[in-house]
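# Fold and geometry: a report
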Amino acid sequence: MYQFDYHRPANLKEAAELLTKCDEAKILAGGQTLIPTLKQRLAMPSDLIDLGALKELSFIKAEGDAIMIGAATPHADVAVNADVRKHLPSLAKLAEGIGDPAVRHKGTIGGSLANNDPSADYPAAVLALDAKIHTTKRLIEADEFFKGMFETALGEDEIITEITFPHPKRAAYVKFPNPASRYAMVGVFVAETPMGIRVAVTGAGQEGVFRVKEMEDALAKDWSADAISGIKVPAENMLSDLHGDAEYRAHLVTVIAKRAVAAAI
Amino acid sequence: MPVVTMTVNGKSVSGEVEGRTLLVNFIRDQLNLTGTHVGCDTSQCGACVVHIDGKAVKSCATLALQADGADVTTIEGLAAGGDLHPVQRAFKEHHGLQCGFCTPGMIMTAVDMIRRKPELDEKTVREELEGNLCRCTGYHNIVKAILAASEEMRA
Ligand SMILES: Cc1cc2nc3c(=O)[nH]c(=O)nc-3n(C[C@H](O)[C@H](O)[C@H](O)COP(=O)(O)OP(=O)(O)OC[C@H]3O[C@@H](n4cnc5c(N)ncnc54)[C@H](O)[C@@H]3O)c2cc1C
Ligand code: FES
Ligand code: FES
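Keep in mind the model is a prediction, meaning the values are calculated, not measured.

How each quantity is defined
Residues numbered from 1 in each chain as written. Chains lettered and ligands numbered in written order. Predicted model: local features only at pLDDT ≥ 70, side-chain atom pairs only at ≥ 80, totals over all residues. Heavy atoms only, no water. Pairing = 2+ DSSP bridges. Helix = DSSP H or I, 4+ residues; strand = E, 2+ residues; numbered from the N terminus. Contact = heavy atoms within 4.5 Å. Axes fitted to C-alpha atoms, helices over the stretch in contact; angles between N-to-C directions. Buried area = accessible area lost by both parts, 1.4 Å probe. Salt bridge = Lys/Arg side-chain N within 4 Å of Asp/Glu carboxyl O.

With that settled, the discussion passes to the sheet that holds strand E9 (residues 170-177) of chain A. Residue and element names in this part refer to chain A. Pairing within the open sheet is antiparallel, and its 4 strands lie in the order E9-E10-E11-E12. Each of the sheet's edge strands pairs with one partner strand only, and the pair in question is E9 and strand E12 (210-211). Note: strand E11 (residues 196-202) against E12, 2 bridges, orientation antiparallel. Within E12, the position partnered with Ala200 by the bridge is Arg211. Seen against the sheet, helix H5 (residues 89-96) touches E9 and strand E10 (184-193) and runs at an angle of roughly 20° to E9. Against the sheet, helix H10 (residues 213-221) contacts E11 and E12, and its axis sits at roughly 145° relative to E11.

Next up, the structure:
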């Protein structure tokens, strides 16, 4: 790792000020992505601003028809939270399937979204459930947030503070994990929300998470696995690597989407 | 240089570190607690698992300064007064190790797993071991040892 100055602000205001003040600062949340990146010298921040002491960013609240999750809430907390399990069991299951127990104890929802790895799980949930991303500056709609592989709408000095999920009428997430890394080869989140039916795919697309409008329209007419069995995403937009080529991934999207529809509760 | 202070195995310790010093290096090189191993240094193998405030984490993917003020337990802190922890005893009885390199991380992961899930079954143990690699045993006796320890600890 290159040298950097480490900061542990006591509150969000201090964190935001440090981020603006320091030259090439980066936020440190769980560090499960950032620390390995620094070890490989793929990034050279001047300062790390650790959100670890910010209790105000680690919470799960159920209010009205929504669940609010603080950006620095670890995956392990989301997985076992009683409100999430009751209103959003699909999200609890998703969190429980991320990496391994040690990664889930440290890795956070905000870190996962800010990173927007094309194979990460949370982006699929946020996009399918039409969640709202709150930052230190504004509110970002899920459809506006993901801007392609490892790219988001976040500005340089912006910190994600909270993600608000609506209660879906029904939803499910099914992931076909890469057997070595446990990241998604293909993961599909299907949801019937108060605003309509949404299907989001992670792990497969070259531009990261994406919606499949054709499947959404078919499911709006007939919520069944059969309704989407003939719908295939174009292979030319898919990732291709030694774990699976583009054709394979495109095929898998339909297979996993059907399983998700069948599993939705 | 910044000074980090934490409780390790019940004792308060502190030391000068760089921002980039990993927790595992602080534990091994500055505290001379070499039971915590580095197998991969890339977050895959779990040989470096310790507990921070009771929860299993990979100390090769944690900065020492992130653990400032925390309560850290390493493999050396498990045996109370020289008596092996039930999980350590079970690994010995069930031949849950061969070369022993993965064992500290396996045991720290197992203790955390039993804390969170007192009612373990074989499938759950195997899933929970997702982040711990063993090159020797084929896992079978590790799983057996964890199941036996969890049963003993429940009784
Ligand atoms: C072995 C292993 C297996 C994994 N498996 C999976 C998996 O199956 N599925 C999956 O989805 N992920 C997986 N991950 C990734 C894991 O979920 C990470 O925890 C996550 O991607 C990043 O979260 P973090 O809190 O660790 O963020 P960090 O590593 O601390 O930060 C990541 C990036 O986000 C930025 N950031 C963090 N928080 C904020 C914030 N609040 N506002 C703005 N920017 C912020 C940081 O500056 C940095 O650029 C795995 C990781 C490992 C090591
Ligand atoms: S040394 Fe930390 S996971 Fe392998
Ligand atoms: S006993 Fe040798 S690596 Fe596990």
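Let us keep going from here.
On to the interface of chain B and chain A, then. Across the boundary between the two partners, chain B contributes 24 residues, which contact 28 residues of chain A. Each partner contributes to the roughly 2,000 Å² buried at the junction of chain B and chain A, and carbon and sulfur atoms together form 54% of this total. The largest per-residue losses of area from chain B upon contact with chain A belong to Arg20, Gln66 and Glu130 of chain B, which jointly make up 31% of the total buried on that side. Remark: the boundary between chain B and chain A carries 4 salt bridges.

Residue and element names in this part refer to chain B. Taken together, 5 strands build an open sheet; the order of strands is E2-E1-E5-E3-E4 and the sheet is mixed. Taken across any chain shown, the strands that pair with only one partner, and hence form the sheet edges, are strand E2 (11-16) and strand E4 (55-58). On average, adjacent strands in this sheet sit at an angle of 40° to one another, irrespective of strand direction. Relative to strand E5 (residues 71-73), strand E1 (residues 3-8) runs parallel, the two sharing 2 bridges. Bridge pairing links Val8 to Val72 in E5. Across the sheet, helix H1 (residues 23-30) lies against E1, E2, strand E3 (49-52) and E5, angled at about 100° from E2, the strand it touches most. The strands that helix H3 (residues 103-116) touches are E3, E4 and E5; relative to E3, the one it contacts most, it runs at about 40°.

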